[in-house]
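Residue-level listing of the chains:
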Amino acid sequence: MKNFYRLFMLLFILATSFKAYPGDTINFNENWKFHLGDTEGADQLKYNDNSWSLLDVPHDWSVEGSFDQNEPAGGNGGYLPTGIGWYRKHFKLPAGSKNKLVWIEFDGVYMNSEVWINGHFLGKRPYGYISFKYDLTPYLKSGDNIISVKVDNSLQPNSRWYSGSGIYRNVRLVIQNPIHISHWGVYATTPEVSAESAIVNVKVQIENEDKKIQKLILQTILVDPSGSEVESLESEFEIEPGELITLEENIDVKSPNLWSLENPNLYTLKTIINDGNKNLDNLSTIIGIRNIEYDAMKGFFLNGERVKMNGVNLHHGGGCVGAAVPIGVWERRLLVLKEMGCNAIRTAHNPVAPEFLDLCDRLGFLVMNEVFDEWKLGKREFAYNKYFDEWWERDLIDFIHRDRNHPSVVMWSVGNEIPEQKAEGGHLVLAKLMDITHREDPTRPATLGCDNIVADGGATTLEFMEGLDIVGYNYIDRWHERRELFNIIDKIEHPEWKMIGTESVSIYGQRGSYSLGNDPEKVNPNYNTRMIRAEQLWKYISTRDFMIGDFMWTGIDYLGESRWPGKQASSGAIDICGFPKDAFYFYQSQWTEEPMIHLFPHWNWEGREGQVIPVLAYSNCDEIELFLNGKSYGIKKLEFPRPGNSGSWRTYDKPPVNAATADLHLSWDIPYESGTLKAVGKKDGEVVVTKEIKTVGQPVAIKLSIDELNRDLKNTDVVHFKVEAIDKEGLTIPTADNLINFSINGPGKIIGVDNGNPTDHNSYQDNRRNLFNGLGLVIIKPTGKSGTIQLNAESENLKSSAIEIVL
């Protein structure tokens, strides 16, 4: 699946070279000029920008800055700078574009973007996460043309998490014939789906910006995942000057290759406008054939099979690369989540980059696609509430039109923790958003993350919850008796409600940070109880079919929502570098079948000899026996869910294992001595997996390795390198904090260095970093030239390391 995706991206790049054909899409990311700060006259054609820096977009200027406690964005923005920035791009129209329409498309500009072409003002889009386009045609000229973009992120605070600043997503130039398919003008649905057959319904919106009536042909071609043509349909139509029409086709598919989590098969839908002699426009849309159903008592069904959504919330940032996230960074992160057993993502709390959803389509994730974090009633002084009344409808429609062909998107969310949920008349605002959502896409339900259900000090109103297709619960166990009862009370009172956990507590903590307390004579661990709430929640979610699933907060650590000296939130199951934390293995033990054991903490406690230290394990085995230096400390058994009688009293389909605990982890109290801890896991009486952790020696060398999920070096836009300190036996030092200096030779650039430490205030652009609990990360972006890239790592008193990659 990964190779298919990378082949698709390579073909896309080749197809968008700078030459104009009907319906051409041209990569417009290269060679922008940038100036940080406001400047008068930069919107004008004759402005002198020779002193500006030259760069490529996507670009996030905030992540390039220094962490400062006094930055206006504060902890919301991770203590990074914001401000105003200007971009200008000089370009000439390519050959073949005469008498054509020319658009510019922006996937995201944060925020308050204003755009000019050759000094003519095109418009403003306040919302920093929305995709948009402008028609350049009336203002273009032969020779040099100039696009100017002002980005104003100076009014702070305007976000509750790190937003980034700038043209931080892709930009394209689109060259069209006057008669063309509208922007986001193809809408494909699958109203009938079975293993034997399916119907793909296609609606195509066509515009005539020519001055004469046209008689044309619409050709609709469906191509299956192997590249074979399934069916080709042709329809003749007539369109008046200035007219916008919608044509509809139904394509019959026999024995369809269904899109599923395990086999995310994708079809290509080609729509072509032809005048009988030549193509006037063409568009390829990637779609999936799948059926989704929601039942108030049985939950969610994909292609007729019940699926529990094992979900995570994700913000849009990529850690040390900020908001301008290369697709290779997201691919690695999603693959790590896949290894954890995650199958669903909530896009918290805004539209994501379109290529993120492309990845979800190709890798097989379910997506709750969320549009707003606030409406009229704001959460931050200069946030979206200032623009909601004027922009909400246009932003919502654009959001849905852009994303509604993605098979991964199975649910819309119109908001998160919206204050209107408890306000008088709030349900009326909700009704407007729900009406638009249903009108623009009647195939998917919509929800909203409600955090005030039965809350003290103002609860979500009944009218508000009843206005949702699916009631979304943020922190379902937060209030009073619901810590144990969750939402079962609501289900009894409202059996017709469909329900989902939109945001829930995870296992908080920093990767590899373990403490036995400050008293050297007494053990007071910080790691042996923090999983209890998450475990109890999962037991509830997993055994109630009416719960569609749950999205824990969060899948990955992220910048912002912090307090100095912290710069990031540590709520993820994966740290901000993409390295798994203990929480990762808890969810893996519940969400996957491959036998696994994770032991923690590390086993390096010099000075604590003889003290009793709790050793914990997450596992999906039936039983585990723990050894220290060959001595057994006993067998512990785990079973969830526990079986009941079957057939008659005291008979079972499968005998119970006599579990040692009702928790979802196992624990032993072990008197500390250095050496080797070994866990032996069994299923059905057979050894299926073993796991060891050892006391390590002093660090003697640096170890560099290419991340195991980043092996296809020929077809990637970034390469991730894992950095470790090792002892003389080659074992990773889990407590190492050595300062590592990096350098690079060859056709590549270091674009980010990190370690996962929430209180490390060194710039992500520095080519040096202390390890944090044994690990560090370097991300390199190849320049596109062939050759050998060598990454070098040096540290005082450690043997240096170098690694080469050939591109």
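Rules used in this analysis
- Within each chain, residue numbers correspond to sequence positions counted from 1 in written order.
- Totals for whole chains, interfaces and linings use all residues, but because this is a predicted model, local features are given only for residues with pLDDT of at least 70 and pairs of side-chain atoms are given and counted only at 80 or more.
- No hydrogens and no water enter the side-chain calculation; it runs on all heavy atoms of the structure.
- The numbering of helices and of strands both runs from the N terminus, where a helix is a DSSP run of H or I of at least 4 residues and a strand a run of E of at least 2.
- C-alpha atoms define the radius of gyration in this analysis, and the globule rule sets the expected value at 2.2 Å times the number of residues to the power 0.38.
- The buried label applies to any residue whose accessible area, calculated with a 1.4 Å probe on protein chains only, is under 20% of its type's maximum; exposed applies above 50%, and partly exposed to all values in between.
- Contacts: residue pairs with any heavy atoms within 4.5 Å of one another.
- Two N or O atoms form a polar contact when they lie within 3.5 Å of each other; inside protein one atom must be a possible hydrogen donor and the other a possible acceptor, and for residues adjacent in sequence the pair counts only when both atoms belong to side chains.
- Between N-to-C directions, angles cover 0 to 180 degrees, with each direction set by a line fitted to C-alpha atoms, over the stretch in contact for helices.
- Oblique is the label for every angle not falling under 35 degrees (roughly parallel), over 145 degrees (roughly antiparallel), or within 65 to 115 degrees (roughly perpendicular).
- Definitions for this section: a left-handed crossing has its near helix turned counterclockwise from the far helix by less than a right angle. A right-handed crossing has that turn clockwise.
- Classification convention: Asp, Glu, Lys, Arg as charged; Ala, Val, Leu, Ile, Met, Phe, Trp, Tyr, Cys, Pro as nonpolar; all other residues, Gly among them, as polar.
- DSSP calls a pair of strands paired once it identifies at least 2 bridges connecting them.
- Known as pLDDT, the predictor's confidence for each residue is given on a scale from 0 to 100.
- Within 6.5 Å between ring centres, the rings of Phe, Tyr and Trp (the latter by its six-membered ring) count as paired, and their orientation is classed by plane angle as stacked under 30 degrees, edge-to-face over 60, tilted in between.
- Note on geometry: a ring has a charge over it if NZ (lysine) or CZ (arginine) is within 6 Å of the ring centre and within 35 degrees of the ring normal.

Asks: Help me understand the overall build of the protein, please; the structure alone is not making it clear to me.
Replies: Helix and strand content of the protein: 10 helices and 45 strands. The C-alpha radius of gyration computed for the protein amounts to 28 Å, which stays within 12% of the reference 28 Å derived for 807 residues, consistent with globular compactness. For the protein, with 807 residues in total, the buried portion stands at 59%. Long-range pairs, those at least 24 residues apart, make up 72% of the contacts in the protein between residues at least 6 apart in sequence.

Asks: I keep staring at the environment of Asp441 and nothing clicks. Help me out?
Replies: With respect to the helices and strands, Asp441 occurs in the loop between helix 5 (426-440) and strand 25 (446-450). Classification of Asp441 as buried rests on a relative accessible area of 0%. Taking the C-alpha atoms as reference, Asp441 lies 41 Å from Leu54; in sequence the two are 387 residues apart. Apart from residues lying up to four places away in sequence, Asp441 is in contact with Tyr187, Ile400 and Trp412. Here Thr443 takes part through its side chain, which lies 2.7 Å from a polar atom of the side chain of Asp441. A distance of 2.8 Å separates the side chain of Asp441 from the side chain of Arg444, its partner in a polar contact.

Asks: Help me understand the packing of helix 4 (residues 388-403) against helix 5 in this model?
Replies: Two packed helices can be described by the angle between their axes and the distance between those axes. Following both chains from N to C, one finds helix 4 and helix 5 inclined at 30 degrees, their axes separated by 10 Å at the closest point. Comparing their axes, helix 5 and helix 4 come out roughly parallel. Once helix 4 is placed against helix 5, the crossing between them reads as right-handed. Where helix 4 abuts helix 5, its residues Phe388, Trp392, Glu393, Leu396, Ile397, Ile400 and His401 lie against Val429, Lys432, Leu433, Ile436, Thr437, Arg439 and Glu440. Residues that form the contact of helix 4 with helix 5 fall into these classes: eight nonpolar, two polar and four charged.

Asks: Would you explain the sheet that holds strand 33 (residues 623-628) in this entry?
Replies: In a beta sheet, neighbouring strands are held together by backbone hydrogen bonds and run either parallel or antiparallel to one another. Read from one edge of the open sheet, four strands run 34-33-36-37, paired in antiparallel fashion. Of all strands in the sheet, those with a lone pairing partner are strand 34 (631-637) and strand 37 (686-694), marking the two edges. Across this sheet, the average inter-strand angle for adjacent strands is 20 degrees, counted without regard to direction. Two strands pair when backbone bridges link them, and strand 33 and strand 36 (residues 676-683) are joined in this way by six bridges, in the antiparallel orientation. Considered in strand 36, the bridge of Phe627 is made with Lys678.

Asks: Teacher, can you tell me more about the environment of Thr137 here?
Replies: By secondary structure assignment, the location of Thr137 is in the loop between strand 8 (132-135) and strand 9 (145-153). When the C-alpha positions of Thr137 and Gly630 are compared, they lie 77 Å apart, and in sequence the two are 493 residues distant. The contact partners of Thr137, leaving out residues within four places of it in the chain, are Lys100, Leu101 and Val102. For Thr137, the side chain forms a polar contact with the main-chain nitrogen of Val102, separated by 2.9 Å.

Asks: Got a minute to help me understand the confidence of the model for the protein in this structure?
Replies: A low pLDDT score tells you not to read the predicted coordinates there in detail. Confidence in the prediction of the protein, expressed as mean pLDDT, is 95, and 97% of residues score 70 or more. Confidence over residues 1-21 falls short of pLDDT 50; this stretch has 33 contacts with residues more than four positions distant or in other chains.

Asks: What's the story with the packing of aromatic side chains in this structure? I'm lost.
Replies: For any pair of aromatic rings, the description consists of the separation of the ring centres together with the inter-plane angle of the planes. Here the structure, examined in full by the defined rule, presents 36 aromatic pairs. On the numbers, 4.9 Å between centres and 80 degrees between planes, the contact of Trp330 with Phe356 is edge-to-face. Of the two residues, Trp330 sits in helix 2 (residues 327-340) while Phe356 sits in helix 3 (residues 354-363), which places them 26 residues apart along the sequence. Accessibility assignment for this pair places Trp330 and Phe356 in one class, buried. Ring geometry for Trp553 and Tyr558: centres 5.7 Å apart, planes at 80 degrees, overall edge-to-face. Since its relative accessible area comes to 10%, Trp553 is described here as buried. Three or more aromatic residues link up through ring pairs in this structure, and these residues are Tyr110, Tyr127, Tyr129, Phe372, Trp375, Tyr384, Phe388, Trp392 and Phe464. The positively charged end of Lys567 is found above the aromatic ring belonging to Phe67, 5.5 Å away from the centroid.

Asks: What should I look at first to understand the pairing of strand 38 (residues 701-706) in this one?
Replies: Put simply, side chains in a regular strand alternate between the two faces of the sheet. Of all six residues in strand 38, five are buried; the element is thus mostly enclosed. As paired elements, strand 38 and strand 39 (residues 719-726) share six bridges and run antiparallel to each other. Counterpart to Ile702 in the pairing with strand 39 is Ala725.

Asks: In this structure, what is going on with the pairing of strand 13 (residues 214-223)? I would like to understand it.
Replies: Most of strand 13 is tucked away, with eight of its 10 residues classed as buried. The pairing of strand 13 with strand 14 (residues 229-239) spans 10 bridges and is antiparallel. Paired with Gln214 across the two strands is Ile239, which belongs to strand 14. Taking the residues that link successive antiparallel strands as the turn, the strand 13-strand 14 hairpin has five residues, and the phi of Gly227 there is positive, at about 95 degrees. Note that strand 13 and strand 16 (residues 267-274) share seven bridges and pair antiparallel. Bridge pairing links Ile221 to Lys270 in strand 16.

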